[in-house]
Amino acid sequence: MTIAYYISPTAALDLDALSATARALDAVSAVSAVSAVSSDAPLLILGDDYTSGQNAVTLAAWLAPQTTRLRIVPEVPVTHTEPFHVATSTATLDHVTTGRAGWSPVAQTSDAAADVVGRRPAAPVEAAWGEVPDVVAAVRALWTSWEPDAEIRDEATHRFIDRDKVHYVDATGTDSVGQPWSVKGPSIVPRPPQGELPTVTIVGDRFHTSDGAAGEVRHITDVAGLLTLAAQVSA
């Protein structure tokens, strides 16, 4: 059974403990050659509350070069974040991890989260989560706007890409307060190694992914829990 370890933003404040835990989990991981989130190796899910300043995508990128096999999945706040920036940051993460990244899009419904940006008020839970499928569709369209062989790096003709293999994107959606939005592409980041990063959904103590994996979630809420986990895995 696949186990996912969810690290809360509070627990992740101790970077030494977080690094030690990631490296311990990495030592027991075995990544599938087909998908970064489809094997039985554990997942490290980094929580993001959007208000504490702990950015899960940034933490994931920091952990990436410290690991070689661990599958790293940041929560990605999408209610107040532009879909284009979500797509480029997660695509970059997949490059940094060499195809070991996933992502877990999450909605923000609190006044504190809305106040961080100040662009619009907090939305009801149903409306905020209702926008998420539109964001996911836009992000996937941007990830795949570059074909797998779009990068040609032809020095003779001074071309980095084959422009016929980079495609226009015009994604639309409705935000959490009922306003329409649109995102134009292609992406400015080359296609992720996986093409599309697996989307991880967490419900209570279970998770499932867009590519069919599922398993248990163990929640690590403080630094003591992180250190205990690292010790248990290393034993």
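Note that the coordinates shown come from a computational prediction; the quantities given were computed from them, not determined experimentally.

Draft legend 1. Layout of the sheet that holds strand 10 (residues 206-209). Strand order in the open sheet formed by seven strands is 4-3-2-1-11-10-9, and the pairing between neighbours is mixed. The open sheet terminates on both sides in strands that have one partner only, identified here as strand 4 (104-106) and strand 9 (200-203). Strand-to-strand twist in this sheet, taken as the mean axis angle between neighbours without regard to direction, amounts to 30°. Sheet topology places strand 9 next to strand 10; four bridges connect them, and they run antiparallel. Within strand 10, the position partnered with threonine 201 by the bridge is histidine 208.

Draft legend 2. Geometry of helix 6 (residues 223-234). Over its 12 residues, helix 6 extends 17 Å from the first C-alpha to the last, a length consistent with the 16 Å expected when each residue adds 1.5 Å. Those residues of helix 6 not exposed but buried are Leu226, Leu229 and Ala230. Down the axis, helix 6 shows its buried residues gathered within 100° of arc, on one side only. Residues of helix 6 that are exposed and angled more than 90 degrees away from the buried face: Ala224 and Gln232. Buried residues in helix 6 make contact with strand 1 (2-7), helix 1 (15-27) and strand 11 (214-220).

Quick notes on the rules
- Residues numbered from 1 in each chain as written.
- Predicted model: local features only at pLDDT ≥ 70, side-chain atom pairs only at ≥ 80, totals over all residues.
- Heavy atoms only, no water.
- Pairing = 2+ DSSP bridges.
- Helix = DSSP H or I, 4+ residues; strand = E, 2+ residues; numbered from the N terminus.
- Axes fitted to C-alpha atoms, helices over the stretch in contact; angles between N-to-C directions.
- Expected span 1.5 Å × (residues − 1).
- Buried < 20%, exposed > 50% of the residue type's maximum accessible area, 1.4 Å probe, protein only.
- Arc of directions from axis to C-beta.
- Contact = heavy atoms within 4.5 Å.

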